[in-house]
Amino acid sequence: MMNIIVCIKQVPDTAEVRINPETNTLVREGVPSIINPYDMHALEAALQIREQTGGKVTVITMGPPQAESALREAVSMGADEVRLISDRAFAGADTWATSYTLYKAIEKMDYDIILCGKQAIDGDTAQVGPEVAEFLDIPHIAYVRKIDELATGMIRVQRLMDDGYDVVESSLPVLMTVVKEINTPRFPSLKGKMAAKKAVITKMDMSAIDAEEENVGLKGSPTQVRNIFAPQVKSDRKMLQGSVEEQVDALIKELRGLKCLLQ
Amino acid sequence: MLITINAEKCTGCRECIESCPYTSIEIKGGKAVINEYCQFCRTCLSVCPEGAIVEIAEEGDKQKADLSAYRGVWVFAEQRDRRIASVAYELLGAGRRLADELKTELAAVLFGADGDAARELISWGADKVYHCGDPIFEKFNDEPYAKMLTALIRDYKPEIVLAGATPLGRSFIPRVAARLKTGLTADCTALEIDKDTGNLLQIRPAFGGNIMATILCPDNRPQIATVRPRVMKRIEVDHGRKGEVVPVNAVNLTCRTKVIETLKETSDCMVNLQEAEIIVSGGRGMSNSKGFAMLEELAVLLGGSVGASRGAVDEGWIPYLHQVGQTGKTVCPKVYIACGISGAVQHLVGMQSSDIIIAINKNPEAPIFNAATYGIVGDVNEVIPLLIKKLKEGRQ
């Protein structure tokens with residue numbers, strides 16, 4: 001019997017986010033909110049562990065009240081319990097303050113395994129998972145692509161590295177962040193969709209998790225965003241002309257000129 | 001907030017020393033004193049039989065004054081298999097520039113490897129190298145790496161710490177930032193010093209590369225950033241550079257994870273895309289895995305590696321390790337050849353800083369051409385075999 005906690009984040013679909021070049025602000029109007037795609041894989045991993053060992057999957061998210069819809073989606077996939085960590089004071093949190101807040105929420109819960117996506121697609125920091133593990137004083141393994149074995153008090157997984165992978169063992173409890181290779185998230189079942197409609201969302205505010213005000217939200221965030229701007233794309237392109245053969249010849253000539261070819 | 005011990009009341013009974021979970025109380029001159037490891041957990045307050053330990057509020061300007069205690073720029077130099085990762089040399093280049101601007105010293109931190117490797121870091125710009133050669137660092141486990149770096153930062157108080165935005169750096173550095181309660185900015189692509197305040201301006205892409213953001217960490221130290229590989233420039237190596245290797249000892253490093261084995265992905269061409277000078281990359285336009293066999297042949301001919309767009313990886317034509325882009329690797333080779341890749345922004349952010357980009361695509365409107373140095377409008381199944389043939393002929 002495993003108690004598994006999955007941390008998810010509701011994010012804007014980044015493929016739709018643009019910057020307004022005149023005002024230098026984010027254009028988020030009409031951008032749909034989704035569960036961070038990596039977190040879907042974390043949830044799927046949790047559900048598979050539950051199917052194997054029995055136990056309970058609890059999904060938590062820190063966010064504004066509308067993040068409730070992400071939690072309902074998690075229930076539709078099969079989560080047993082969901083919690084919304086929400087308070088006005090949490091607004092503007094950077095990764096430090098977010099991790100602290102999640103830690104305070106998790107601290108009082110039972111857990112053997114905590115799962116997170118490797119990063120969120122809006123901030124792309126990949127920092128909250130490892131930071132939560134540090135706050136909880138438990139080990140973590142990042143970039144998990146496969147769970148090889150799960151036994152009493154021990155787990156063995158494959159961790160993706162730059163040039164291959166490591167097989168890593170850890171004692172439990174452990175926090176893991178997962179990459180997309182680990183599984184294919186399931187679709188919600190009809191029964192799940194019904195459950196999602198009826199699900200009771202437990203809401204927890206700052207006092208419920210016993211957090212200190214100076215450590216949450218903007219106040220608890222060591223980093224600040226000074227400004228945002230549109231990225232510059234270089235455009236020094238040269239379209240090659242002629243038949244395919246002439247273009248290939250021209251390309252080889254250019255490469256040779258740049259000393260890019262093996263001799 | 002600050003916790004201090006009233007020396008007049010303290011009898012040196014050592015009760016508080018036993019109680020402290022962070023070993024932050026020591027006896028000096030017969031009296032207990034609290035050192036910088038204090039985490040303000042307040043455990044000791046109720047333990048003291050004399051009531052000598054008190055909590056006092058800090059003044060508003062106290063924190064500012066504390067920041068000046070932090071001096072120097074540090075680079076965490078990662079090694080794998082006792083070999084220093086190329087990103088470490090790039091960070092030394094960036095760190096050298098920042099340290100010179102701040103008129104301070106540049107130090108490298110090396111865990112594992114040997115003294116020769118440590119001295120090599122001096123040739124690439126470090127004034128000092130803190131080296132811990134303990135065997136515990138041979139394989140990468142987050143906890144000892146994080147504990148050791150945290151302890152060194154507490155001892156030496158650098159103002160800036162840079163590490164590579166590699167799987168290793170991005171995994172353990174967050175633990176250090178969490179423990180030190182300081183800011184950490186992920187995956188920076190540019191670093192500058194704010195002329196007025198001396199703060200580090202940390203520039204990074206966000207929202208899938210659709211925007212760039214400048215991040216500051218004004219009131220906490222050190223300012224920690226992970227930096228994207230292949231973005232910063234190395235300085236000229238100088239084997240005559242003078243510097244000092246400071247050996248440091250590992251203390252109390254516990255570890256609850258264990259690396260059982262390390263497996264390399266094997267292939268005829270290099271898999272580590274971030275080290276490759278030439279990358280031949282394929283997208284959905286390659287049609288199938290046979291298309292990728294063709295790209296591999298071209299990559300071997302050019303002495304390069306094979307990359308892929310997310311589309312091709314999702315189709316199962318090539319493993320995820322080869323994926324370039326927002327959800328894969330960021331690469332910056334001398335030459336990037338994009339074959340049958342349309343060029344979605346998520347792919348572009350992973351390769352647009354390559355020196356030369358060659359795009360081959362049958363759709364002249366494909367956005368990849370906007371990022372390309374050279375463009376060929378044509379069918380990859382026609383262009384690439386011809387390119388292979390001509391390169392082979394050129395060899396003979």
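Heads up: the structure comes first, above all this text.
Residues numbered from 1 in each chain as written. Chains lettered and ligands numbered in written order. Predicted model: local features only at pLDDT ≥ 70, side-chain atom pairs only at ≥ 80, totals over all residues.

(A) Expanded view of the overall build of chain B. Looking only at helices and strands, chain B features eleven helices and 22 strands. Taking the principal axes of its C-alpha atoms as reference, chain B extends roughly 90 × 45 × 40 Å. For chain B, the proportion of its 396 residues judged to be buried stands at 48%. Here the contacts in chain B between residues at least 6 apart in sequence split such that 64% fall between residues at least 24 apart. (Helix = DSSP H or I, 4+ residues; strand = E, 2+ residues; numbered from the N terminus. Buried ≥ 20, exposed ≤ 12 C-beta atoms within 10 Å, placed from the backbone. Contact = placed C-beta atoms within 7 Å.)

(B) Region of the structure containing the environment of B:Ile337. All names here are of chain B. Position of Ile337 among the secondary structure elements: in strand S20 (residues 335-339). For Ile337, a count of 30 C-beta atoms within 10 Å puts it in the buried group. Separated by 45 residues in sequence, Ile337 and Phe292 have C-alpha atoms that sit 13 Å apart. Sequence-distant contacts of Ile337, defined by excluding residues within four places in its chain, comprise Ile279, Val280, Ser281 and Ile358.

(C) Layout of the interface of chain B and chain A. With 73 residues of chain B at the contact, the number on the chain A side is 69 residues. Sorting elements by how many residues they give to the side of chain B that touches chain A places helix H6 (residues 167-180) of chain B first, with nine residues. Across two bridges, strand S15 (residues 238-239) of chain A lies against strand S22 (residues 374-377) of chain B in parallel orientation. Across the sheet, residue A:Lys238 finds its bridge partner in S22(B), namely B:Tyr374. (Pairing = 2+ DSSP bridges.)

(D) Quick look at the sheet that holds strand S18 (residues 278-282) of chain B. A sheet is described by the order of its strands in space; here six strands give the open sequence S15(A)-S22(B)-S21(B)-S20(B)-S18(B)-S19(B), paired in parallel fashion. Edge positions in the sheet fall to S15 of chain A together with strand S19 (305-308) of chain B, since each has one partner strand and no second. Sheet strands touched by helix H7 (residues 289-302) of chain B: S18, S19 and S20 of chain B. Its angle to S18(B), the strand with the most contacts, is close to 170°. (Axes fitted to C-alpha atoms, helices over the stretch in contact; angles between N-to-C directions.)

(E) The sheet that holds strand S8 (residues 106-111) of chain B, seen in detail. Residues and elements named next belong to chain B. The sheet built from seven strands is open, its strands ordered S11-S15-S10-S5-S8-S9-S16 with parallel pairing. Both outer strands of the open sheet, strand S11 (184-188) and strand S16 (244-247), are each paired with one neighbouring strand and no more. With direction set aside, neighbouring strand axes in the sheet form an average angle of 20°. Taken together, the five bridges between strand S10 (residues 160-164) and strand S15 (residues 223-227) define a ladder with parallel strand orientation. By the bridge assignment for S15, Ile160 is matched with Gln223. Sheet contacts for helix H4 (residues 115-123): strand S5 (73-77), S8, strand S9 (128-132) and S16; angle to S9, the most-contacted strand, approximately 160°.

(F) Representation of the packing of helix H2 (residues 68-77) of chain A against helix H5 (residues 190-198) of chain A in the model. Residue and element names in this part refer to chain A. Their axes nearest at 7 Å, the elements H2 and H5 cross at an angle of 145°. In terms of crossing hand, the pair formed by H2 and H5 is right-handed. Residues Arg72, Glu73, Val75, Ser76 and Met77 of H2 lie in contact with H5, whose contacting residues are Gly192, Lys193, Ala195 and Ala196. Looking at the contact of H2 with H5 residue by residue, the class counts come to four nonpolar, two polar and three charged. (Left-handed = near helix turned anticlockwise from the far one by under 90°. Nonpolar A, V, L, I, M, F, W, Y, C, P; charged D, E, K, R; others polar.)

(G) The arrangement of H6(B) in detail. Under the 1.5 Å per step criterion, the end-to-end length of H6(B) is 21 Å for 14 residues, consistent within 8% with the ideal 20 Å. Note on H6(B): the residue one or two positions beyond its end, B:Lys181, has a positive phi of about 45°. (Expected span 1.5 Å × (residues − 1).)

(H) Highlighting the packing of helix H4 (residues 128-136) of chain A against H6(B). Packing of H4(A) against H6(B) brings their axes to within 8 Å, and their N-to-C directions diverge by 50°. By the angle between their directions, the pair H4(A) and H6(B) is classed as oblique. The crossing of H4(A) and H6(B) is right-handed. Taken together, the residues of H6(B) that come into contact with H4(A) (itself represented by A:Pro130, A:Glu131, A:Ala133, A:Glu134 and A:Phe135) are B:Ser171, B:Phe172, B:Pro174, B:Arg175, B:Ala177, B:Ala178 and B:Arg179. Grouping the constituent residues of the contact of H4(A) with H6(B) by class yields seven nonpolar, one polar and four charged. (Parallel < 35°, antiparallel > 145°, perpendicular 65-115°, else oblique.)

(I) Expanded view of the nonpolar core. With 125 residues, the main nonpolar core has A:Val6, A:Leu43, A:Leu115 and B:Leu162 as its most contacted residues. A total of eight residues in this core trace back to one element, the largest contributor, which is helix H1 (residues 37-53) of chain A. In this view, A:Leu43 contacts A:Val6, A:Ile8, A:Val59, A:Ala74, A:Met77, A:Ala79 and A:Pro185; residues no more than four positions away in its chain are not counted. Counting 49 residues, the second-largest nonpolar core is a separate cluster that includes B:Ala312, B:Val313, B:Val335 and B:Ala366. (Core = buried A, V, L, I, M, F, W, Y, C linked by C-beta atoms within 7 Å.)

(J) Highlighting unusual backbone geometry. Put simply, A:Leu172 and A:Pro173 share a cis peptide bond, and its omega is -5°. Within the secondary structure layout, A:Pro173 lies in the loop between strand S11 (164-171) and strand S12 (174-178). Residues B:Arg221 and B:Pro222 are joined by a peptide bond in cis, for which omega reads -5°. Tracing the backbone shows B:Pro222 in the loop between strand S14 (211-216) and S15. One non-glycine residue with positive phi stands out, namely B:Arg14, at about 75°. Following the sequence through the fold, B:Arg14 ends up in the loop between strand S1 (2-5) and helix H1 (15-19). The phi angle at B:Arg82 is positive, at roughly 65°, despite the residue not being glycine. Turning to its location among the elements, B:Arg82 is positioned in the loop between strand S6 (79-80) and strand S7 (83-84).

(K) Inspection of the pairing of S20(B) at higher detail. Residue and element names in this part refer to chain B. In terms of burial, S20 is largely enclosed, as five of its five residues are buried. Residues of S20 alternate between two faces, with Val335, Ile337 and Cys339 on one and Tyr336 and Ala338 on the opposite face, all of them buried. As defined by bridge partners, S18 adjoins S20 across five bridges and the pair is classed as parallel. Within S20, the position partnered with Ile278 by the bridge is Val335. Relative to strand S21 (residues 356-361), S20 runs parallel, the two being bridged by five bridges. Bridged to Cys339 within S21 is Ile360. After leaving S20, the chain enters helix H9 (residues 345-351) and then returns to the sheet as S21, a path that is right-handed. (Right-handed = clockwise from strand over helix to strand, strands pointing away.)

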